Amino acid sequence: MLWFGIILVLISLFLIIFLSKYLNRKKVIIIITCGIIFLIIGLFLLVKTTYLENYIEITLPSNLVEDISQEDLNRDVKEDIYKTATLNNDGSITYRMTKKQHRKYLMNLEILYDDSINEMIDVEDNIIKITRNDNFSSFKVIMNSNKLPNSKNLINNNLFYMGQIYAIYSESEVKNITIKYYDNSSKKIIEENKIDIN
């Protein structure tokens, strides 16, 4: 859409400036009128693409906000992580970012969460691996035995938190997050945990 807007602006300038020199008055009026119409449409598309469509606004609820100040958020803005970040009176945070920033943020979030999942596996001897789906709404914890890990509650809390945060930032319509514990030998589900969101 951005390129289409630029092309329309260039066409309109060409019509108004160049063609009008070589035509009679009646045709000049028609050409100028068409040029102005193209110019208005082109400028509208440019403004819409640049200032409206390119921005995404996300509000993180207060119950998912860790200890953070407006000064901390301002530093993130200076580092070009967000366009703006506002700590609201109710404790929630409203982020405004470009689509490019949003894509980069989601990519970094995936890397961060995958690293955290690998750390959980390293700490707990009974866990062979933890898998997830693309939007962090479903997790499978594969264990050596049917004995649940000692840190099960901590694992649940961390995975549920990841799922909720990712759902908010990715603007996905996830209804719940599930965590299933499997015995690798029997392939049976030992326990399933689920929380509803939204």
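Predicted, not measured: the structure shown is a model, and the values here were computed from it.

Asks: So, the sheet that holds strand S4 (residues 127-132): which residues are in play, and what are the values?
Replies: Strands sit in the order S4-S5-S6-S7 across an open sheet of four strands; the sheet is mixed. Each having just a single partner strand, S4 and strand S7 (189-196) make up the two edges of the open sheet. The sheet shows a mean angle of 15° between the axes of neighbouring strands, direction not considered. Across five bridges, the pairing between S4 and strand S5 (residues 138-143) is antiparallel. Within the sheet, the bridge partner assigned to Thr-131 lies in S5 and is Lys-140. Lying on the sheet, helix H4 (residues 99-123) is in contact with S4 and S5; it crosses S4 at an angle near 160°. Strands in contact with helix H5 (residues 152-170) are S4, S5, strand S6 (176-183) and S7; relative to S6, the strand with the most contacts, it is inclined by about 140°.

Asks: How would you sum up unusual backbone geometry? Please name residues and give values.
Replies: In this structure, Glu-171 is a non-glycine residue whose phi angle is positive, near 55°. With respect to the element layout, Glu-171 can be found in the loop between H5 and S6.

Asks: Could you give an account of the nonpolar core, naming the residues involved and the relevant values?
Replies: One finds Tyr-95, Ile-130, Val-141, Leu-159 and Tyr-169 to be the most contacted residues of the largest nonpolar core, which totals 37 residues. For this core, the elements supplying multiple residues, two or more each, are strand S1 (55-60), strand S3 (93-98), H4, S4, S5, H5 and S6. Here this core takes eight residues from H5, the largest share from any one element. Excluding residues within four positions of it along the chain, Tyr-169 makes contact with Ile-58, Leu-60, Tyr-82, Tyr-95, Met-97, His-102, Tyr-105, Leu-106 and Leu-109.

Asks: Give me the lowdown on the environment of Leu-109, citing residues and values where you can.
Replies: In this structure, Leu-109 sits in helix H4. Taking the C-alpha atoms as reference points, Leu-109 and Tyr-169, separated by 60 residues in sequence, lie 9.3 Å from one another.

Asks: Quick one: what's the story with the side chain of Asn-126, residue by residue and with numbers?
Replies: With respect to the secondary-structure elements, Asn-126 resides in the loop between H4 and S4. In terms of polar contacts, Asn-126 uses its side chain to reach the side chain of Ser-145, at 3.3 Å. Side-chain polar atoms of Asn-126 contact the backbone oxygen of Lys-147, separated by 2.3 Å. When residues no more than four places from it in sequence are discounted, the contact partners of Asn-126 are Ile-142, Met-143, Asn-144, Ser-145, Lys-147, Leu-148 and Pro-149.

Cut-offs applied
Counting of residues starts from 1 at the beginning of each chain's written sequence and follows it residue by residue. Owing to the predicted nature of the model, reporting of local features is limited to residues with pLDDT of at least 70; listing and counting of side-chain atom pairs is limited to 80 or more, with chain, interface and lining totals taken over all residues. Remark: hydrogens and water are excluded; side-chain values derive from all non-hydrogen atoms of the structure. Any two strands are treated as partners once DSSP identifies two or more bridges connecting them. Helix and strand assignments come from DSSP, with helices taken as H or I runs of at least 4 residues and strands as E runs of at least 2, each series counted from the N terminus. All axes are obtained by fitting lines to C-alpha atoms, using only the stretch in contact for helices, and the reported angles, taken between N-to-C directions, cover 0 to 180 degrees. By definition in these notes, contact holds between two residues if any of their heavy atoms fall within 4.5 Å. Here, nonpolar core means buried Ala, Val, Leu, Ile, Met, Phe, Trp, Tyr and Cys residues that are tied together by side-chain atoms lying within 4.5 Å of each other. A simple rule labels every residue: compare its accessible area, found with a 1.4 Å probe on the protein chains alone, to the largest value its type can have, and call it buried under 20%, exposed over 50%, or partly exposed in between. Nitrogen and oxygen atoms within 3.5 Å of one another constitute a polar contact, given that in protein one can donate a hydrogen and the other can accept it, and given that sequence-neighbouring residues count only through two side-chain atoms.

Bear in mind that shape data such as this cannot, by itself, settle questions of function.
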